[in-house]
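Analysis of the macromolecular model
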Amino acid sequence: MTDKLEKAEKREKMEKGRRLALVTGAGRGIGRAIALKLGEKGLDVAVNYNNSAAGAVELCRELSALGVSAKAFKADVSKAGDVSALFKSVEESMGTVQVLVNNAGITRDNLLMRMKEEEWTDVIAANLNSAFYCTKEAIRGMVKSRWGRVVCIASVVGLVGNPGQANYCATKAGLVGFAKSAAREYAAKGVTVNVVAPGFIETDMTGALKENLRSAMLQQIPAGRMGSPEDVARAVAFFASDESEYVTGQVLAVDGGMTMC
Ligand code: NAD
């Protein structure tokens, strides 16, 4: 796209008062559902992905069909350099990020006694460092415009623990402390920071689980079913909206009643 066209698009967006959301790891799963839900609500969406572009490109096509702007941006959000380049590209081509969804995440499960150092550090980098880098980049613009929404995707296992996931649970619990601290820092500036903690959600991440584990998990869910990415996306859309203006530093479990803590 030429500079002139990009500038015209940015101007049109500002005139219409449309907001821009950045969703990390949005090529598939929960991130994809979040991006689509925000698009349905009329937000433009910057779609971050790190591996295959195909999912992100298809998602942008679906978002454009909803009448909002969408662009795909490749970046490994576990790397500070990638994140600053990501925000630079988004700012230049779409404008200032007003809604940030820290969704990207990985698992590297192992019992603590066997856990290798890189299984620990990779998960910390992808799930927790990424939120620090992205939120730090986004917050300045949000404070400047006196409006912003940050939503971190944690997990109920970050609240209650899970054997074989000490690394993952540490990052998800870390996100809660991170969000609450940022919420306190920026509440007076019109910026809210909240956490959505999904339970057992049907995605590629849980698709890899063995059948006996899946049925054992199902028995612990009062709602009697696994969650869908859309269940999570609806909660994120609330935190991303004006409706949640007076709600900050909160953790909302979307788990069919599994934990109730
Ligand atoms: P998923 O594996 O389907 O999707 C995760 C996405 O994040 C992928 O597209 C992946 O490429 C991307 N990603 C990973 N590392 C990245 C990086 N460094 N940079 C950029 N993108 C990166 O998993 P999902 O189930 O959709 O999970 C999304 C989020 O929800 C994760 O944070 C996960 O921990 C959390 N969560 C999932 C469940 C569940 O049951 N599926 C439950 C609780 C929390």
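Scroll up to find the structure this text is about.
Presented here is a report on the structure given in the accompanying data block. (Residues numbered from 1 in each chain as written. Predicted model: local features only at pLDDT ≥ 70, side-chain atom pairs only at ≥ 80, totals over all residues. Heavy atoms only, no water.)

1. What about the site of the ligand?
Here is the rule: Throughout this document, a residue counts as near a molecule or strand when at least one of its heavy atoms sits within 4 Å of that molecule or strand. Contacts described as polar in this section are N or O atom pairs within 3.5 Å, which, within protein, must combine one atom able to donate a hydrogen with one able to accept it, while residues neighboring in sequence count only if both atoms come from side chains. Throughout, the Shrake-Rupley method with a 1.4 Å probe supplies accessible areas, and for residues the shown protein chains are the sole cover considered. A run of DSSP states H or I qualifies as a helix once it reaches four residues; a run of E qualifies as a strand once it reaches two. Both are numbered from the N-terminal end. For this classification, Asp, Glu, Lys and Arg are treated as charged, while Ala, Val, Leu, Ile, Met, Phe, Trp, Tyr, Cys and Pro are nonpolar and the rest, including Gly, are polar.
Near the ligand there are 27 residues, and of these R28, D76, N103, Y168 and T203 occur at the shortest range. Within the side chain of N50, an N or O atom sits 2.9 Å from an oxygen atom of the ligand. Note that an oxygen atom of the ligand is positioned 2.5 Å from one of the side-chain N or O atoms of Y168. When the ligand is considered free in solution it has 830 Å² of accessible area, and contact with the protein chains removes 94% of it. Among the secondary structure elements, those contributing two or more residues to the shell around the ligand are α2 (29–40), α7 (166–186) and α8 (204–207). Taken together, the residues of the shell around the ligand sort by class into twelve nonpolar, twelve polar and three charged.

2. Re the layout of surface pockets
Heads up, the rule is: A pocket, in this scheme, is an open set of points on a 1 Å grid over the protein atoms alone with protein on both sides within 12 Å along at least 5 of 7 lines, while a cavity is a set where a 1.4 Å probe fits but cannot get out; residues line either one if an atom lies within 4 Å of a point. Grid points are joined across faces, edges and corners, and a volume is the space filled by probe spheres set on the points.
Considering only enclosed or pocket space, the second largest pocket measures out at about 340 Å³ in volume. Taken together, 13 residues line the second largest pocket, and the ones lying closest to its centre are E137, A138, I139, R140 and G141. Mapped by element, the contributors of at least two residues to the lining of the second largest pocket are α4 (80–93) and α5 (117–145). No other element matches the eight residues that α5 contributes to the lining of the second largest pocket. Within the lining of the second largest pocket, the residues separate by chemical class into four nonpolar, four polar and five charged.

3. What to know about the pairing of strand β2 (residues 44–49)
Applied cut-off: Exposure is judged per residue with a 1.4 Å probe applied to protein chains only, and the accessible area is read against the type maximum: over 50% gives exposed, under 20% gives buried, and values in between give partly exposed. Strands were regarded as paired on the criterion that DSSP finds at least two bridges between them. If you view a crossover with the strands going away from you and the path from the first strand over the helix to the second runs clockwise, you call it right-handed.
Among the six residues in β2, six count as buried, and that is most of the element. Burial along β2 is two-sided: the face carrying D44, A46 and N48 and the face carrying V45, V47 and Y49 are both buried. Bridge analysis of strand β1 (residues 20–23) against β2 gives four bridges, and the strand direction is parallel. If you follow A21 over to β2, its bridge partner there is V45. In this fold, the crossover linking β1 to β2 by way of α2 has right-handed handedness. Pairing analysis gives five bridges linking β2 to strand β3 (residues 70–74), with the strands arranged parallel. Pairing of N48 across the sheet is with F73, part of β3. As a crossover connection, the stretch from β2 through helix α3 (residues 53–65) into β3 is right-handed.

4. Overview of the packing of aromatic side chains
We count it as follows: Aromatic contacts are taken between Phe, Tyr and Trp rings whose centres are within 6.5 Å, Trp giving its six-membered ring; a plane angle under 30 degrees counts as stacked, one over 60 as edge-to-face, and the others as tilted.
Overall, the coordinates contain two aromatic pairs when judged by the stated rule. Measuring from centroid to centroid gives 5.7 Å for F132 and Y133, while their planes differ by 50 degrees, and the two rings are tilted. Overall, the relative accessible area of 42% leaves F132 in the partly exposed class. On the numbers, 5.5 Å between centres and 45 degrees between planes, the contact of F238 with F239 is tilted. Owing to a relative accessible area of 3%, F239 belongs among the buried residues under this scheme.

5. Quick look at the environment of K41
If you trace the backbone, K41 turns up in the loop between α2 and β2. Classification of K41 by relative accessible area gives exposed; the value is 57%.

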